[in-house]
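# Report on the structure
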Amino acid sequence: MTYQRTLSNQWYDRATELIPGGVNSPVRAFKSVGGKPIYFAKAHGVIVTDVDGNAYTDFCLSWGPLILGHADPEVVAAVQAAAPLGLTYGACHPGEVAMAEALVGAFPGMGMARLVSSGTEAVMTALRLARGATGRPLIVKFEGGYHGHVDSLLVKAGSGLVTLADSGSEASTKGVPKEVAGLTITLPFDDLPAVEKLFAEHGERIAAIILEPLPANNGLLFQTDAFLAGLRSITAKHGALLIFDEVISGFRLRYGSYGQGAGVQPDLITLGKIVGGGMPLGAIVGSTQLLSLLAPVGPVYQAGTLSGNPVSIAAGLATLAKLRDPALYRRLDQLGAYLEHKLQATGIEWLRGRRVGSIFWPYFDVGPIPNRADAISPVAVQRFNGMYHLMLQAGLYLPPSAYEVLFLSSRHTEADIDRLVAAWVSAAAQLP
Ligand SMILES: *Cc1c(COP(=O)(O)O)cnc(C)c1O
């Protein structure tokens, strides 16, 4: 069976005249795998169907939110019940209180939450809060960490080691002035001495370290618990905040925080993706003392017309209610383990990857699987890209980039994983 995408291609061609690159978020374009992105018409469970009627098993799952799969019946019912009662009030409603209560209850030691509409907004707010709380200007991030399209975080270091803010941080996008980029310092992951050195020299000017405790936006760059704990003690010693960006990892591996599960208590946690159950919702969670610095109680301004709207809240609460069942996470872990096992059994040495729970990063090369962005093998990237369209032809929709992770949902089955592995094996045989 060959998948024809005549209508999809027509939509794309028309879209490119109206929307830059035909996409509303660059990751959706097929830049690294080549070809034209697919236009979808509907999705249920793990099946997405394009406008030509081709069905694919989805391992991208909207980049993380859909831990229950597409259009979960209970989530959709909650949205359907909420929508006729008003899409947004721009005013208070009980659902906001229920969501804040659920979030605070899921993160030990946290006392308050502020709801926003995206992960980017949550991160923006966390940074402003950290600067407001400390009165300091600098933010530290790690190379390969992604925190949304916040101006000051679209920055990577000019060189691998400690690149000082005022001597060469370069924005990785046009449109961010060097004065703004200069407030961000980028360090390599997995290198505590570099963090110690930076704080020894500039600690009194650093407001916060922000990182994904399980970095999942540049491959899956696993960090040790000792690294996370080290960041906690360095920031505490120097009076800086530790922000865990858990927009992906929050509620993905367990009910609550991945970082707290590793035994480390951050000052702030940013959330998005899963908490909205597929609708736009993000949150900042922290201590009552810190969150009380936000307007209208405190001096740090933050606002949003659609923040905490009842429809997003309904989807989020319905999702969280289902995630309270630990059996769901056990099942997800079982599926992940099954995928690893099946890959191992292929006998193709390089057909492998790194898995944590229901997150899987295909890493198609031999040798150690990297935990730093600069150690990712170009061969692994080439192989993934080279096989991408064969996967589509096999009815499998993967994130269109070798640097992105696959997500499993509670709706995937062993049979879906069998098909994924079989398609990779057959594609591997066709590589040059
Ligand atoms: C997706 C993501 C963001 C940005 O969230 P948006 O909802 O896309 O704005 C921020 N941080 C991390 C870790 C993410 O994965």
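Figured I'd write up the structure that's included with this text. (Residues numbered from 1 in each chain as written. Predicted model: local features only at pLDDT ≥ 70, side-chain atom pairs only at ≥ 80, totals over all residues. Heavy atoms only, no water.)

Right, let's get into the sheet that holds strand β14 (residues 359-362). Pairing is antiparallel across the open sheet formed by three strands, whose spatial order is β13-β14-β16. Looking at the sheet topology across the chains shown, the edges are occupied by β13 (353-356) and β16 (406-407). (Pairing = 2+ DSSP bridges. Helix = DSSP H or I, 4+ residues; strand = E, 2+ residues; numbered from the N terminus.)

Next up on the list: the nonpolar core. Among the nonpolar cores identified, the biggest contains 101 residues, and Leu 103, Leu 211, Phe 251, Leu 398 and Trp 424 are the most heavily contacted of them. Both domains that meet at this core, namely domain 1 (6-71 + 325-429) and domain 2 (75-323), each give it at least three residues. Filtering out sequence-adjacent residues up to four positions away, Phe 251 remains in contact with Ile 67, Leu 103, Ala 106, Phe 107, Gly 256, Ile 274, Val 275, Leu 320, Leu 323 and Tyr 329. Counting residues in hydrophobic clusters, the runner-up holds 21 residues, among them Ala 122, Leu 127, Leu 290 and Val 300. (Core = buried A, V, L, I, M, F, W, Y, C linked by side-chain atoms within 4.5 Å. Buried < 20%, exposed > 50% of the residue type's maximum accessible area, 1.4 Å probe, protein only. Domains from an automatic or database assignment. Contact = heavy atoms within 4.5 Å.)

A few words now on the sheet that holds strand β8 (residues 184-187). Read across the sheet, seven strands follow the order β4-β12-β11-β10-β9-β5-β8 without closing on themselves; strand pairing throughout is mixed. For this open sheet the edge positions go to β4 (112-116) and β8, each flanked by a neighbour on one side alone. This sheet shows a mean twist of 20° between the axes of neighbouring strands, independent of strand direction. Judged from the four bridges that link them, strand β11 (residues 268-271) and strand β12 (residues 282-286) form a sheet pairing that is antiparallel. Across the sheet, residue Thr 270 finds its bridge partner in β12, namely Ile 284. (Axes fitted to C-alpha atoms, helices over the stretch in contact; angles between N-to-C directions.)

Here we take up helix α12 (residues 378-393). With 16 residues, α12 should cover 22 Å at 1.5 Å per step; its first-to-last C-alpha distance of 24 Å lies within 8% of that length. The sharpest bend along α12 comes to roughly 35°, located at Met 387. Restricting attention to buried positions, one finds in α12 the residues Ala 380, Val 381, Phe 384, Asn 385, Met 387, Tyr 388, Met 391 and Leu 392. Lining the buried residues of α12 we find β3 (55-58), β14, β15 (396-397) and α13 (414-430). (Expected span 1.5 Å × (residues − 1). Bend = angle between axes of the 7 residues up to and from the residue.)

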